[in-house]
Amino acid sequence: MSEENVVRLCAPTLAGIKTGSLFPCPYENRETLLMEIRQYNQVLVPKGLCLLPLRFTDKSALLYLYRPRDLERDLQDQLAAEILRHAGYVCGSSEQCLMKLIERLRAYDEFPHEIGLFLSYPPEDVKGFLEHKPCKCVGCWKVYENEEAAKKIFAKYKACTRVYCRQLASGIDIERLTVAG
């Protein structure tokens with residue numbers, strides 16, 4: 001797993017402006033990938049992040065880089081909790097919710113629609129998607145409510161990714177790029 005891919009696909013999470021990022025990671029050997037994940041976590045966990053494999057296929061893993069404290073906060077939102085309960089989650093803790101998400105990801109080929117709640121999507125937009133409302137715009141997610149706020153967030157994520165990729169290319173490693181939280 002290349003540091004370049006992690007930074008390119010997860011810069012806003014590394015910067016602390018997004019709760020989590022989800023990305024595919026090809027692998028040749030599952031044990032080697034798990035060892036690489038443990039090595040990343042040695043650097044990331046002390047800074048308040050965690051890298052977790054959510055699902056494996058023959059040659060690719062779906063990885064989730066997230067900030068557990070931020071996820072706990074996000075899932076305590078009243079609308080987020082309501083969406084999760086409706087989808088069969090027991091909302092006792094973010095860890096329980098994450099385990100249920102993993103179970104759902106492994107049971108079905110498609111992404112469960114509530115996954116956006118784990119990726120900093122506004123609960124109102126997740127609800128709009130679930131209700132098949134007409135969306136106002138599309139960026140990192142489909143926007144159903146506050147279009148202007150979403151566009152600002154999209155621009156912020158894009159700028160963050162550009163800056164982080166440039167810094168990585170200049171020799172700054174992922175440990176120094178990761179904002180402690």
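Our structure's up above, just so we're on the same page.
Keep in mind that what you see is a predicted model, and the values were worked out from it rather than measured. (Residues numbered from 1 in each chain as written. Predicted model: local features only at pLDDT ≥ 70, side-chain atom pairs only at ≥ 80, totals over all residues. Heavy atoms only, no water.)

Asks: Lay out the packing of aromatic side chains in plain terms, naming residues and giving numbers.
Replies: On inspection of all chains with the given rule, the structure shows five aromatic pairs. Each ring, one from Tyr 64 and one from Tyr 66, has its centre 4.7 Å from the other, and the planes form 10°; the classification is stacked. Geometry around Phe 56 places Arg 30 over its ring, the cationic atom sitting 3.7 Å from the centre. (Phe/Tyr/Trp six-rings, centres within 6.5 Å; stacked < 30°, edge-to-face > 60°. Lys NZ or Arg CZ within 6 Å of the ring centre and 35° of its normal.)

Asks: Tell me about the side chain of Ser 93, and please be specific about residues and values.
Replies: Relative to the elements of secondary structure, Ser 93 occurs in the loop between α4 (78-86) and α5 (94-107). The buried category is assigned to Ser 93, whose relative accessible area is 19%. For Ser 93, the side chain forms a polar contact with the side chain of Glu 95, separated by 3.3 Å. (Helix = DSSP H or I, 4+ residues; strand = E, 2+ residues; numbered from the N terminus. Buried < 20%, exposed > 50% of the residue type's maximum accessible area, 1.4 Å probe, protein only. Polar contact = N/O pair within 3.5 Å; in protein donor to acceptor, adjacent residues only side chain to side chain.)

Asks: Run through the pattern of salt bridges, naming residues and quoting values.
Replies: Pairs can form between side chains of opposite charge once their charged atoms are near each other. Under the defined criterion, the tally for this structure stands at eight salt bridges. Across the salt bridge formed by Glu 131 and Lys 127, the nearest N and O atoms sit 3.8 Å from each other. Glu 131 is paired through a salt bridge with Lys 133; the nearest N and O atoms lie 3.7 Å apart. Residue classification places Glu 131 among the partly exposed residues on the basis of a relative accessible area of 41%. Taken together, the shared-partner salt bridges connect Lys 127, Glu 131, Lys 133 and Glu 145 into one network. (Salt bridge = Lys/Arg side-chain N within 4 Å of Asp/Glu carboxyl O.)

Asks: Break down the side chain of Glu 114 for me, with residues and values.
Replies: Inspection of the secondary structure assignment puts Glu 114 in the loop between α5 and α6 (123-130). Residue Glu 114 is classed as buried on the basis of its relative accessible area of 3%.

Asks: Break down the packing of α4 against α6 for me, citing the residues and quoting the values.
Replies: Their axes nearest at 9 Å, the elements α4 and α6 cross at an angle of 35°. Along this stretch, α4 crosses α6, giving a crossing that reads as left-handed. Between α4, through Leu 79, Ala 80 and Ile 83, and α6, the contact on the second element is made entirely by Pro 123, Glu 124, Val 126, Lys 127 and Leu 130. Looking at the contact of α4 with α6 residue by residue, the classes come out as six nonpolar, no polar and two charged. (Axes fitted to C-alpha atoms, helices over the stretch in contact; angles between N-to-C directions. Left-handed = near helix turned anticlockwise from the far one by under 90°. Contact = heavy atoms within 4.5 Å. Nonpolar A, V, L, I, M, F, W, Y, C, P; charged D, E, K, R; others polar.)

Asks: Go over the environment of His 86, please, and point to the residues and values.
Replies: If you trace the backbone, His 86 turns up in helix α4. For the pair His 86 and Arg 38, spaced 48 residues apart in the sequence, the C-alpha separation amounts to 34 Å.

Asks: Kindly report on the pairing of strand β3 (residues 60-66), identifying the contributing residues and their values.
Replies: Regular strands have side chains that alternate between both faces of the sheet. Within β3, six of the seven residues are buried, which leaves the element mostly enclosed by the surrounding structure. With seven bridges joining them, strand β1 (residues 20-26) and β3 adopt antiparallel strand pairing. Residue pairing across strands places Gly 20 opposite Tyr 66, the latter belonging to β3. Pairing between strand β2 (residues 50-56) and β3: six bridges, direction antiparallel. When the bridges of β3 are listed, Arg 55 appears paired with Leu 62. (Pairing = 2+ DSSP bridges.)

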